[in-house]
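# Structure at a glance
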Amino acid sequence: MESKLIDHLFRYHSGKMVSVLTRIFGLKHLDIIEDAVQDTFIKASLSWRNQQPEYPEAWLTQAAKNRVLDIFRKLKTAQKHLPNINQGTDAIAINELFLDTEIEDAQLRMIFTACHPKLDPRDRISFALKTVSGFSIKEISSALLTKEDTIKKRLLRARKTIKVSQLKFQIPQGKDLPLRLESVMEVLYLIFNEGFHSNKKEKLIRKDLCGEALRLCQMLLKNKLTRTPEAYALCALMCFHSARLETKTNAENELLDLKHQDRSQWYFPLIKLGNTMMNKAVVEQAEFSCYHYEAAIAIEHLRARTFEDTDWNKILHWYQCLNTLQPMPTHILTMAVVCLQNKDYNMAKGYLDQLNPKDLGQRNYLYYGTQSDYYLATHNLAEALKYINLALNNVTNKQEKAYLEKKKSLIEG
């Protein structure tokens, strides 16, 4: 049995197993449950060396359930905390919790637990990736560009808050639902964004993060309580961006901007699904969310048969709406980029003058790169070179660095 298959199964099934077992045994036993699932995969990696079971996921689920029972028996808490799941009606009820629809319900409960307002906002994304998506501490650390010790502390803090606050493993209802759902969508958006434009030094795109965010977002749409226009718009946005993932880099793993991407390679089935999601997002919707506007911007890029056909005026309008609803330095920077495409250099400079590179944090190199583009377009080569050098000094990703090096050679040439 190859270790890659074990890794694949762990990623895609451990979150399910942790969620279902938490629904059975309670959040207060989350540590034991996660240890049990981890032990199950170690056991699988050893016992499957010679022969893989016919139904690997069923094997893992049953093994995890047995392992949890073993641990509880050792702790002598079985009588206090566990139903007798080996016989009678309790056994039937427990087995029904492993049906596909119930597994999704359990995962949805875990997502809402991860995004509870009592949890520190910094802890939510780490906790969601660990418990719902099965990411290891090392993978979370890598994805979020954060030290492993910091991730461990965040996970410990989240678990402590869950225990101290005695959080319930449920989907909130009534007036509590909209605010929590907003937090859930924000976490999914952040997970997707990290995958679509990773901060990792070696890798620009993390397809695993994009795919996981899209899967969890689709899970929201399967539940009538969480099936909202905003959730549809977020799903549409993810579909539109995912349709372009394969064309963001070329065969040499070099970064390609929109102008140089092969539009014939954009994945049409995802664009079609995104359009379906977007149609549902705008039905009888008087007010639009930030996800609506971002999806509308993505649609404009996908509609254009060539880069030159892009309707930059419409894109600028949607960005202005987005920035009015959700003011952010990145929106202002992108509006400057759009104005450069429109050859409206005065407006572009006006937007750039509103920004301080510190406002963009780790992505400040984008500000310097845009300044360089502005000065190149207005024939000030000395300033263009100065700013491209600043961009190169601040970028960390190798593909983006190579992309900026090419721009620099064009300025110098």
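Our structure's up above, just so we're on the same page.
A short tour of the structure in this document, coming up. Model, not experiment: these values are computed from the prediction. (Residues numbered from 1 in each chain as written. Predicted model: local features only at pLDDT ≥ 70, side-chain atom pairs only at ≥ 80, totals over all residues. Heavy atoms only, no water.)

Let us now look at unusual backbone geometry. Positive phi outside glycine occurs at Gln166, with the angle close to 50 degrees. Locating Gln166 in the fold gives a position in the loop between α9 (148–165) and α10 (176–196). For Gln166, a relative accessible area of 65% corresponds to the exposed category. The backbone of Lys343 sits at a positive phi, close to 60 degrees, despite the residue not being glycine. You can see Lys343 is positioned in the loop between α16 (329–341) and α17 (345–353). A relative accessible area of 60% places Lys343 in the exposed class. (Helix = DSSP H or I, 4+ residues; strand = E, 2+ residues; numbered from the N terminus. Buried < 20%, exposed > 50% of the residue type's maximum accessible area, 1.4 Å probe, protein only.)

The next thing to look at is the packing of helix α6 (residues 100–114) against helix α11 (residues 207–222). Where α6 meets α11, the closest approach of the two axes is 10 Å, and the angle between their N-to-C directions is 110 degrees. Accordingly, the angle class assigned to the pair α6 and α11 is roughly perpendicular. Residues Glu104, Gln107, Leu108, Ile111 and Phe112 of α6 pack against Arg215, Leu216, Met219, Leu220 and Lys222 of α11. (Axes fitted to C-alpha atoms, helices over the stretch in contact; angles between N-to-C directions. Parallel < 35°, antiparallel > 145°, perpendicular 65-115°, else oblique. Contact = heavy atoms within 4.5 Å.)

The subject of this paragraph is the layout of surface pockets. Taken as a whole, the second largest pocket holds about 470 Å³ of empty space. What lines the second largest pocket is a set of 24 residues, and nearest its centre among them are Phe10, Gly134, Phe135, Ser136 and Glu139. Those elements that place two or more of their residues in the lining of the second largest pocket are α1 (3–25), α2 (30–47) and α7 (121–131). Among the elements that take part in the lining of the second largest pocket, α1 stands out by supplying nine residues, more than any other. (1 Å grid on protein atoms, 1.4 Å probe; cavity = no way out; pocket = protein on both sides within 12 Å on 5 of 7 lines; lining within 4 Å. Points joined across faces, edges and corners; volume = space filled by probe spheres on them.)

The terminal C-alpha atoms of helix α13 (residues 268–282) lie 21 Å apart, and with 15 residues this matches the ideal 21 Å at 1.5 Å per residue to within 8%. Among all positions of α13, only Leu270, Ile271, Gly274, Met277, Met278 and Ala281 are buried. Buried residues in α13, looked at end-on, bunch into an arc of 125 degrees, giving them a common side. More than 90 degrees from the buried face of α13, the exposed residues found are Phe268 and Lys272. At its buried positions, α13 is contacted by α11, α12 (229–242) and α14 (290–303). Glu284 sits one or two residues past α13 and shows a positive phi near 50 degrees. (Expected span 1.5 Å × (residues − 1). Arc of directions from axis to C-beta.)

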